[in-house]
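As a plain string of letters, each chain reads:
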Amino acid sequence: MAHLVAILTDFGDLDPYVGIMKGVIAGIAPNAATIDLTHNIAPGDIQAAAFALLQAVPYFPPGTVYLTVVDPGVGSRRRPIAAAAGPAFLVGPDNGVFTYVYEHFGLQAAVVLADPRYRLSPVSNTFHGRDIFAPAAAHLVRGVALEALGPEARDPVRLPLPRFSQTSANEIAGQVLHGDRFGNLASSIAWLDWRDETTLEITPWLAGRVAPRRFDARRARVTVAAGGLAQPTTFDGIHRTFSDVPAGQAAIIVGSERHLDIVVNRGSAVERLGAQSGDEVLLALPSDA
Amino acid sequence: MAHLVAILTDFGDLDPYVGIMKGVIAGIAPNAATIDLTHNIAPGDIQAAAFALLQAVPYFPPGTVYLTVVDPGVGSRRRPIAAAAGPAFLVGPDNGVFTYVYEHFGLQAAVVLADPRYRLSPVSNTFHGRDIFAPAAAHLVRGVALEALGPEARDPVRLPLPRFSQTSANEIAGQVLHGDRFGNLASSIAWLDWRDETTLEITPWLAGRVAPRRFDARRARVTVAAGGLAQPTTFDGIHRTFSDVPAGQAAIIVGSERHLDIVVNRGSAVERLGAQSGDEVLLALPSDA
Amino acid sequence: MAHLVAILTDFGDLDPYVGIMKGVIAGIAPNAATIDLTHNIAPGDIQAAAFALLQAVPYFPPGTVYLTVVDPGVGSRRRPIAAAAGPAFLVGPDNGVFTYVYEHFGLQAAVVLADPRYRLSPVSNTFHGRDIFAPAAAHLVRGVALEALGPEARDPVRLPLPRFSQTSANEIAGQVLHGDRFGNLASSIAWLDWRDETTLEITPWLAGRVAPRRFDARRARVTVAAGGLAQPTTFDGIHRTFSDVPAGQAAIIVGSERHLDIVVNRGSAVERLGAQSGDEVLLALPSDA
């Protein structure tokens, strides 16, 4: 049974809002344990939150409740929902933030958080995290069935999936997804796994239409059309680790999420390339792979 | 019985100080659970901390211990205290940080943290959070009675309350309290509750001397004399939600704490108005309400 | 038996990486409790992390596991290790980050984290915190013996110790260690304890070669050769507390870690002096002490 609540928001660390949600959870489900994913999603950045959830879910125990409050439409007609998708219970606004988890694990059920027994009273117009979402997460932990929280939510909102497709026999096109604190840029080209010291295997993730294939990583070429540079940047070969790359030099590696990442060893690829979410990334495979 | 310790400090996130306080608590009361309110109160900003506590206490289980270390006078003669006020046990410096909780819930008892059995030894001159306050909070969780921690603390320090008063039959004067991460400005004009789609009711909070009253929110006018602008800014009408306000436009809403807030939808009212804590906010009510 | 995992990283607060490590721990050891030390160690700053651990360990319950991921060499040949040192179980990269804990408490045992039963599979090249270190910490909490995690790690890496030595009968030379959020500068001159209102006692810490001695704090003189200033700055006397120092004035106090600290009351010594880690600090003792 669920007893863990993982919390993801764009509330930042300045205010007591996250703590207040935890207080609400503790009052309803004293045995719940909470884990912070991050509260520094850029305000309203639904796609970044969706990706953070996809990164996290495979590493948490089955039955974990993901309380997700990245909610630029709070107070509007967007629905508050809870959903079951694979090992995850999802609680938050119906604005697409759960897209990648639905896509990866399959969506089993979704409900609108309408039952006043499982909300605080009154419900404010501005802080549904406290008044609707935290109580719903806590009641799930207490053992309330998903279906008891409200009526079925038909057709939950889904974001467009990131670009990731085979553009020719030996070329795969993707995009920059986001940058992290270390300045590493994750791309949508995934999943990549090392089969031996020099061989990579690509298998499609989400809705990527790409043929699974093995290739020589040393002979692959990656081109990044970063918005911050006049010319695309080309990289020959995909490295195994940061430590293969001379300090200060940009390079391509397979990151911890099994995506193709652009990195600068002990530096920032975000700054070096001026790349942004959406910039094109092309992977040219060796023709005789 | 208490088992939760909510922690509020101005320690920031760079140093291990908060973690060390939790280590001290875990050593004394292994079953205690801790919840962070925030550690990013501006250094020494006692009023901001006092307001954060008032926001949080109503949402936590009764018996929660609030370990509060915003303590610019550490090492001076200010007293270390613990207090009982309504559902809350308060532990921290006697510098006024508990003012609003005393005022809102009533102060039942306060003691000076003088008993060496409930402190670490030695006590440093610079980190009472670790040496005095965390141990006191942990002993309260273990079941030690408040009165056992030390002698009565007479007349705990109280901050002046924020300005909030009726200046004429149809005008209420308040002030800016503080800005949050989203750039929303909370004012001292509270509490406001929606009675129907267009009707607001005001009831005084803390020591506000304001007559409770219902009025048409669409016909109210709010004037903010922000320090950053040459002219006061006037707003006609109070909106129900962020999403009623065009993106980028400043407006007045009722925030999640039931205060009158100045907001910019997907923008920052703090930056737009250059407003600061203390700036005047006037609410003109419709004359025939 | 251990049930606490204290976590120290340089991951920052922007990404879900720390939360993901906690998810891995919760899956392996559901009864583990985690405490964050800080995740804002400057990226790759092994010495700052080593010092934060030394600050923390004395205040945590014996048997706590310290999961430490400040790991600029991830993916290289640096060994992943676990160690027992005094009351602490240490888990992290073998890059010197545990030096001060080894030095202060003594190193009892160290192993290389080689047994695949106690790692995730597959192990990425870039996120050993999730794939190797968090699982090892969780298995220690579950009761797995240190020795079961892998073969002995001979000669774990140790950093050079900070300068701290007696340069003449009445002079002790040290260095700036680091600055904290409040702008206080900690020096390597420690440990200092007040014996009465005016008398300090110095006893060496780590490998400091300094004769223990009592002296009149009012008559001591401290000279700081800060890189940011053309001339060294001299301070007469060591103060007992912040509140003895006029607001805005720089002074010397004994900090909460019992080190000689340079502070500006309600200001920043880091900014005032432009001091950096490594800058020289001299303590001249009164000649007739």
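Quick note: structure is the one above.
As the structure is a computational prediction, the values presented were derived from the model and not from experiment.

**Observations concerning the relation of the copies chain C and chain A**
Stage number 1. The two copies are related by a screw operation: chain C maps onto chain A through 120° of rotation and 0.1 Å of translation along the axis, at an RMSD of 0.1 Å. Read as a symmetry element, the transformation amounts to a three-fold axis.
Stage number 2. An asymmetric contact is evident, with only 6% of the interface residues of chain C recurring at the interface of chain A.

**A closer look at helix H2 (residues 46–56) of chain B**
Stage number 1. Most of H2(B) sits out of view: 9 of its 11 residues are buried.
Stage number 2. Of all the residues in H2(B), the buried ones are Ile46(B), Ala49(B), Ala50(B), Phe51(B), Ala52(B), Leu53(B), Leu54(B), Gln55(B) and Ala56(B).

**Some thoughts on the sheet that holds strand E11 (residues 199–202) of chain A**
Residues and elements named next belong to chain A.
Stage number 1. The strand order across the open sheet formed by 3 strands is E10-E11-E12, and the pairing between neighbours is antiparallel. Unpaired on one side and paired on the other, strand E10 (192–194) and strand E12 (213–216) mark the two borders of the sheet. Neighbour-to-neighbour, the strand axes of the sheet open up by a mean angle of 30°, direction not taken into account.
Stage number 2. Sheet topology places E10 next to E11; 3 bridges connect them, and they run antiparallel. Bridging across to E11, Trp 194 finds its partner in Leu 200.

**Digging into the interface of chain C and chain A**
Stage number 1. Each side of the interface is counted separately: chain C has 31 residues, and chain A has 28 residues.
Stage number 2. Interface area, chain C with chain A, both sides summed: about 2,300 Å², of which 59% is carbon and sulfur.
Stage number 3. Three residues, Pro16(C), Asn125(C) and Thr126(C), lead the burial of chain C against chain A; their summed loss comes to 21% of the area buried on that side.
Stage number 4. The tally of links between chain C and chain A comes to 0 salt bridges.
Stage number 5. Those elements giving two or more residues to the side of chain C that touches chain A turn out to be helix H1 (17–28) and helix H4 (128–142) of chain C.

**Comments concerning the relation of the copies chain B and chain A**
Stage number 1. With an RMSD of 0.1 Å, chain B superimposes on chain A once it is rotated by 120° and translated 0.0 Å along the axis.
Stage number 2. The residues that chain B uses at the interface reappear at the interface of chain A in only 7% of cases, marking distinct surfaces.

**Digging into the nonpolar core**
Stage number 1. By size, the foremost hydrophobic cluster in this structure holds 101 residues, and its most contacted members are Ile238(A), Leu283(A), Leu67(C) and Leu149(C).
Stage number 2. Ignoring any residue separated from it by four or fewer positions in sequence, one finds Leu149(C) in contact with Ala82(C), Val111(C), Val112(C), Leu113(C), Ala114(C), Asp115(C), Tyr118(C), Ala136(C), Leu140(C) and Val144(C).
Stage number 3. Counting 69 residues, the second largest nonpolar core, distinct from the first, contains Ile20(B), Ala6(C), Ala50(C) and Ala220(C).

**Examining helix H1 (residues 17–28) of chain A**
Residue and element names in this part refer to chain A.
Stage number 1. If you check H1, its first and last C-alpha atoms are 17 Å apart, about what 12 residues at 1.5 Å a residue would give, namely 16 Å.
Stage number 2. Taking burial as the measure, the 12 residues of H1 include 10 buried ones, the bulk of the element.
Stage number 3. Restricting attention to buried positions, one finds in H1 the residues Tyr 17, Val 18, Gly 19, Ile 20, Met 21, Lys 22, Gly 23, Val 24, Ile 25 and Ala 26.

**Description of the interface of chain B and chain A**
Stage number 1. With 28 residues of chain B in contact, the opposing surface of chain A contributes 31 residues.
Stage number 2. Between chain B and chain A, the buried area comes to about 2,400 Å², and carbon and sulfur atoms account for 58% of it.
Stage number 3. Linking chain B to chain A there are 0 salt bridges.
Stage number 4. The tally of links between chain B and chain A comes to 5 residue pairs in polar contact (both at pLDDT 80 or more).
Stage number 5. Put simply, the parts of the chain that give the side of chain B that touches chain A at least two residues each are strand E2 (33–38), H2 and strand E15 (250–254) of chain B.
Stage number 6. Considering each element in turn, the side of chain B that touches chain A owes the most residues, 4 residues, to E2(B).

**Remarks on the packing of H1(A) against helix H4 (residues 128–142) of chain A**
Residue and element names in this part refer to chain A.
Stage number 1. At their nearest, the axes of H1 and H4 sit 8 Å apart, and the two run at 40° to each other. As H1 packs across H4, the resulting crossing turns out to be right-handed. Only Gly 129, Arg 130, Ala 134, Pro 135, Ala 138, His 139 and Arg 142 of H4 make contact with H1, whose side of the interface consists of Ile 20, Met 21, Val 24, Ile 25 and Ile 28.

**Section: the sheet that holds strand E1 (residues 4–9) of chain C**
All names here are of chain C.
Stage number 1. Here we have 6 strands laid out as an open sheet, ordered E2-E1-E3-E5-E4-E6, and mixed in their pairing. Both outer strands of the open sheet, strand E2 (33–38) and strand E6 (109–112), are each paired with one neighbouring strand and no more. Each adjacent strand pair in this sheet contributes to an overall mean axis angle of 20°, direction not counted.
Stage number 2. Sheet topology places strand E4 (residues 80–85) next to E6; 4 bridges connect them, and they run antiparallel. The residue bridging Ala 83 from the neighbouring strand is Ala 110, located in E6.
Stage number 3. Those strands touched by helix H2 (residues 46–56) are E1, E2 and strand E3 (65–69), and its axis lies near 150° from that of E1.
Stage number 4. In the packing of H4 onto the sheet, contacts are made with E1, E3, E4 and strand E5 (88–93), and the angle to E3 comes to roughly 175°.

Analysis parameters
Residues numbered from 1 in each chain as written. Chains lettered and ligands numbered in written order. Predicted model: local features only at pLDDT ≥ 70, side-chain atom pairs only at ≥ 80, totals over all residues. Heavy atoms only, no water. Least-squares fit on C-alpha atoms with pLDDT ≥ 70 in both. Contact = heavy atoms within 4.5 Å. Buried < 20%, exposed > 50% of the residue type's maximum accessible area, 1.4 Å probe, protein only. Helix = DSSP H or I, 4+ residues; strand = E, 2+ residues; numbered from the N terminus. Pairing = 2+ DSSP bridges. Axes fitted to C-alpha atoms, helices over the stretch in contact; angles between N-to-C directions. Buried area = accessible area lost by both parts, 1.4 Å probe. Salt bridge = Lys/Arg side-chain N within 4 Å of Asp/Glu carboxyl O. Core = buried A, V, L, I, M, F, W, Y, C linked by side-chain atoms within 4.5 Å. Expected span 1.5 Å × (residues − 1). Polar contact = N/O pair within 3.5 Å; in protein donor to acceptor, adjacent residues only side chain to side chain. Left-handed = near helix turned anticlockwise from the far one by under 90°.

Structural measurements only, silent on function.
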